[in-house]
Each structure stands twice: as C-alpha cells, then as structure tokens.
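An overview of the molecular structure
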Amino acid sequence: MRRLILFLSLALLFAAAPARAEWRRAESPHFVVYSEESEARLRERILLLEDYDRLLRILTTVEGDTAPTKLNVYIVSGTRDIQVIRPGMGRFVAGFYTATPFGIAAFVDSDVAVGARRNDDNEVLFHEYAHHFMMQYAPNPYPAWYIEGFAEYYQTARFRESAIEFGNYSQARAYIVDPSQWLPMERVLFGDTSGMDERQIAYFYAQAWLTVHYFFSTPERQQVLRRYLNGRHGENTEEAFQAATGFTATRFRDELRRYIRNGQIAYHRMTRASVETPPPVTVTPLTASASDLVLYEAALRIGVEESNQARFLERVRGIARRHPQDPYAQRVLAHAEILFGEPATAQRLLEPLLAAAPNDAELLYLKGMYHLTAAQKGEDSDNQAREARRWFTRAHRADPNHFQTLYRFAESLRGEPEYRSENTRNVLLLAHELAPQVSDITMNAALLLMSRREFADAEALLLPLAYDPHNASLREAARRLLEQARTHTVPGADEQAPATEG
C-alpha cells in the first residue's frame with residue numbers, strides 16, 4: 001500500500017543524457033539532496049529548497065522551523081536512472097514523490113524536455129515538496145482541487161538574488177486564460193481526476209490552480225477558504241461549498257472568469273531567507289562505490305516492487321563485487337539480502353559493519369529487519385520477533401525520529417496480546433506523527449485504535465485517506481474502515497489494514 005504522487009510532463013522529446021559524473025550529497029536543515037550536478041549548482045538548489053520551505057512555513061503559519069526528518073531528494077538524469085527506481089514508469093514522468101513504510105523521497109528527472117525547451121525541474125521539485133509539506137504539517141481531508149491547486153500555486157515560485165516571487169503564472173498552465181475550454185466547475189470543485197484523459201487532467205490542474213489563486217488573493221477570501229475547509233468535515237458537496245462561500249458552482253465559474261478578465265492575477269514578493277541568514281549546507285563527494293549504488297540504495301529506501309526484486313538483487317550483488325572491501329557497498333548489499341536475498345549473507349555482512357559502528361541507527365534498524373524478516377517467514381518466530389524488538393529498541397535510542405523503526409517494532413508484535421497494549425498504541429501513533437504521509441502506518445494505527453474502541457481517534461486518522469485524490473483503492477479501503485469506525489465496529493482479532501495498489 002503505497003502513496004505515489006506523479007507529476008506528469010507533457011514531454012515530446014528527451015534531452016540527450018550526459019555522461020555519468022561523480023555523485024554528490026548535500027545536506028541542510030530540512031533536506032538531503034543527491035545529484036551529479038556541480039557543487040555550485042547543488043548548493044544553489046538546496047538553498048532554493050530551504051528558501052521554499054521557509055516560504056511555505058510563513059504563508060501557511062506552520063509553527064516552528066524544524067522537520068521531524070529530512071526529506072531525501074534525488075536529482076536523476078534520464079530514463080535509465082528512473083528505471084532503476086521504478087522500472088516501467090512512463091517515459092514522460094518528470095518527477096515523483098513517494099511515501100512508504102521503507103522511507104519517503106522525491107525524485108526529479110533533470111533531463112526531461114518539453115518540446116524544444118528544457119523542463120523546469122525546480123518547478124517539478126517544488127510541486128512535489130508542496131505535497132510533502134501539506135501532508136507532513138496539515139494532513140486533513142482536503143478536496144482534490146485544493147490539494148493540486150496548492151501545489152500548482154506554490155510551484156511557480158521564482159527566485160531572484162534577494163527575493164522570492166510567488167503566485168505567478170505557470171507557463172504550462174497559460175491556456176487557462178481561455179475559459180471556453182474549461183471543465184465544468186462542478187467536476188473540479190466536487191470531483192477528482194478519476195476517469196479523465198490527459199487533456200482533462202491538464203485543465204483540472206489549471207482550474208485548481210486558478211481557484212486557489214483566487215482564494216489566496218485577499219485576506220477576506222483566505223478567511224472564506226478556511227471556513228470552507230474547516231467546516232466541510234470531509235464532505236465535498238455543492239451545499240457545503242455554497243454555505244461557506246456564497247457561490248454555487250455556476251456562479252463561482254463566472255466569478256473566476258471575471259477574475260481573469262479584470263486582470264486580477266497578481267504575484268507577490270518576499271525576501272529570501274538565505275540572503276539574511278544562510279542555513280548551514282555541507283556538500284560531500286560520494287565515493288566510487290556510493291556513486292555506483294546511490295540509486296539502488298534510494299530504491300531500497302522506498303521499497304522495491306516484487307516483480308523487480310530478483311533482477312534488482314542480482315544487479316546489487318554484481319556492483320558490490322566490484323567493491324569487495326567497501327563498507328558502503330556491503331551495507332547496501334546487506335539491505336537487499338535482508339529484504340529478498342540470502343539471510344545468512346546479510347548476517348555475515350552486518351556483523352563487521354556493526355562492530356565498526358555500534359551506534360549507527362540505520363545498521364541497528366537493518367539488524368532488526370533481519371530478525372523480523374526471519375520471524376515473518378516462520379523461522380523460530382517468537383524468538384526472532386523478540387530479537388527484532390531488541391534491535392529496534394536500540395535503533396530508536398540512536399535515532400528517535402526514525403519512523404520506520406517504530407513501525408517495524410509494532411509490526412513485530414502483530415498477533416501477540418501485547419499488540420493492543422498502550423505502549424504499542426503510542427509507538428504507532430508516534431510513527432504516524434513523524435510520517436503522516438505513509439498510509440500503511442495510518443491505516444494500521446487506525447485499526448489498532450478501533451480494536452481498543454477509540455473510534456473517534458481512528459476516524460480522525462482515516463478522514464484524510466478517505467478523500468485522497470491520488471489513490472482510488474486506498475481511498476475506498478479507508479472509507480470502508482471509516483464506516484466501521486463510525487458504527488463502532490471492532491475489527492477482527494487478526495485483521496490488518498486492507499491492501500491497496502498505488
């Protein structure tokens with residue numbers, strides 16, 4: 001069950017792929033960015049991301065300036081790199097964001113071109129980060145138009161030497177000025193993109209952008225929008241919209257047309273935070289082994305599709321053989337062997353790595369995964385699950401914000417009486433708090449709450465998923481559970497979150 005958000009480029013051509021260069025890793029307070037770009041370009045990109053994060057925090061009034069975990073961002077180069085991460089993904093995908101129990105990451109293809117023009121990969125990245133930001137700090141049951149319009153509105157941020165301009169047109173949505181081609185506003189306001197063709201989806205995004213732009217344009221309209229979003233309780237009906245805004249769908253369509261016709265589309269400026277107080281940034285060249293394996297490690301961090309696991313493992317084994325004494329290569333190989341390879345090989349690789357770095361949170365987590373995987377295969381399950389929890393406890397002490405550790409700790413108790421304990425409840429809810437984007441965690445936390453008859457808390461967790469516009473199967477599964485929560489139906493003793501595709 002995976003949340004996968006795609007930014008589809010209407011690309012016609014690919015730019016020629018550059019020769020393989022050295023990979024670099026840049027780290028700042030909120031991001032870790034991997035790229036083959038020059039150090040100067042990588043520093044520029046991560047500073048843009050920090051300024052963009054600051055922009056979103058100020059305009060959405062998110063309190064604090066820290067993130068529970070840093071977002072991993074990978075700037076890839078062409079179809080070959082994308083295929084390592086997600087084989088079979090469409091050629092014209094300019095980027096995607098995914099949140100799974102294995103990890104959360106964003107990927108941007110800097111080589112995609114639109115016609116004869118290079119794709120604006122920062123715009124793609126900003127779109128994906130806007131989704132991440134919304135789900136991290138305000139996971140609510142928003143209508144589809146607001147989710148996509150929010151990302152479209154902020155993705156057009158333009159960075160000058162000392163200022164940020166936001167709220168301007170996206171060149172990709174410029175055709176919005178022709179209302180004769182619009183989708184019916186009822187379809188935009190009260191539906192989603194299910195069943196739409198490529199042209200209809202493009203207009204849905206454009207009209208969603210314009211709707212958000214309208215509501216963001218004045219403080220009074222922002223208050224109306226807040227009243228609508230806070231008062232609808234997940235319901236997406238014309239009655240709820242009219243009660244909050246005073247508009248029917250038809251009257252609102254006419255209002256948007258006047259908004260365009262009267263030249264009210266304006267952009268705003270604010271000072272770039274990095275100019276006043278530059279955030280700390282470190283850029284580190286990756287070793288030869290890391291450059292060879294960085295995309296494979298990225299795939300492991302978000303989960304490898306079952307149909308690709310055997311081929312993926314053989315590739316990792318082949319690359320690791322070229323670096324037989326390299327700790328990084330051994331770590332990546334151990335990770336792959338644990339998940340879908342030879343457990344004995346993984347154990348042999350982990351022992352010297354842990355001896356050299358006994359407080360490495362990721363290695364401690366991988367050791368726990370080694371035992372959890374064995375337990376799930378039925379190999380002395382009770383003892384293996386107990387040993388997994390011991391290692392997960394050590395990993396949590398080393399990194400309290402590693403949500404994967406918390407989720408797997410709870411998973412190791414499944415089927416045991418202790419699974420429904422107060423401690424497991426708190427562990428799962430902390431994992432959800434750290435990573436509300438991961439639907440597996442949310443669904444299983446809701447099920448556990450329902451088993452404890454905490455139905456109101458379960459309903460609050462399920463509402464955002466029940467109105468998720470990106471994943472129809474997840475949405476339907478969440479709605480089934482939501483109905484059970486509202487009727488105070490306790491799930492079966494061994495019931496797990498429904499499987500969904502996405």
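Residue positions within a chain follow its written sequence, with the count starting from 1. Reporting of local features is limited, given that this is a predicted model, to residues whose pLDDT is at least 70; pairs of side-chain atoms are given and counted only at 80 or more, and all residues count toward the totals for whole chains, interfaces and linings. Side-chain numbers here rest on the full set of heavy atoms in the structure, without hydrogens or water.

With that settled, consider the overall build of the protein. Think of it this way: any DSSP run of H or I at least four residues long counts as a helix, any run of E at least two long counts as a strand, and we number them from the N terminus. Along the backbone of the protein there are 21 helices and 13 strands. Throughout, exposure labels follow a simple rule: accessible area from a 1.4 Å probe, protein chains only, divided by the maximum for the residue type, with under 20% read as buried, over 50% as exposed, and the rest as partly exposed. Looking at the protein as a whole, 56% of its 502 residues qualify as buried. We call two residues in contact when some of their heavy atoms are within 4.5 Å. Long-range pairs, those at least 24 residues apart, make up 68% of the contacts in the protein with a sequence separation of at least 6. Computed by Shrake-Rupley with a 1.4 Å probe, the accessible areas treat only the displayed protein chains as cover when residues are assessed. For the protein, the computed accessible surface area is about 21,300 Å², with 50% contributed by carbon and sulfur atoms.

Per-residue confidence from the predictor is given as pLDDT, running between 0 and 100. Across the protein, the average pLDDT comes to 87, with 89% of residues at 70 or higher. Confidence drops under pLDDT 50 across residues 1–20; counting only partners more than four residues distant or on other chains, this segment forms 84 contacts. Low pLDDT (under 50) marks residues 113–119, which in the prediction has 21 contacts with non-local residues, meaning those over four places away or in another chain.

A word on the sheet that holds strand E11 (residues 163–166). At least two bridges found by DSSP between two strands are what make those strands a pair. Taken in spatial order, the three strands make up an open sheet running E10-E11-E12, and their pairing is antiparallel. The two strands at the open ends of the sheet, each matched to only one other strand, are strand E10 (158–159) and strand E12 (268–271). Pairing of E11 with E12, which is carried by four bridges, proceeds in the antiparallel orientation. Bridging from a neighbouring strand, Ile164 pairs with Met270 of E12. Helix axes use the C-alpha atoms of the stretch in contact, all axes being lines fitted to C-alpha atoms, and the angles between their N-to-C directions lie in the range 0 to 180 degrees. Where helix H1 (residues 39–60) meets the sheet, its contacts fall on E10, E11 and E12, and the angle it forms with E11 comes to roughly 60°.

What follows concerns the side chain of Gln437. If you trace the backbone, Gln437 turns up in the loop between helix H18 (422–434) and helix H19 (439–451). Gln437 sits in the buried class, given a relative accessible area of 0%. Within the structure, the side chain of Gln437 is placed 2.8 Å from the side chain of Gln136, a separation counted as a polar contact. Counting of polar contacts relies on pairs of N or O atoms within 3.5 Å, with two restrictions inside protein: one atom must be capable of donating a hydrogen and the other of accepting it, and residues adjacent in sequence are counted only when both atoms are side-chain atoms.

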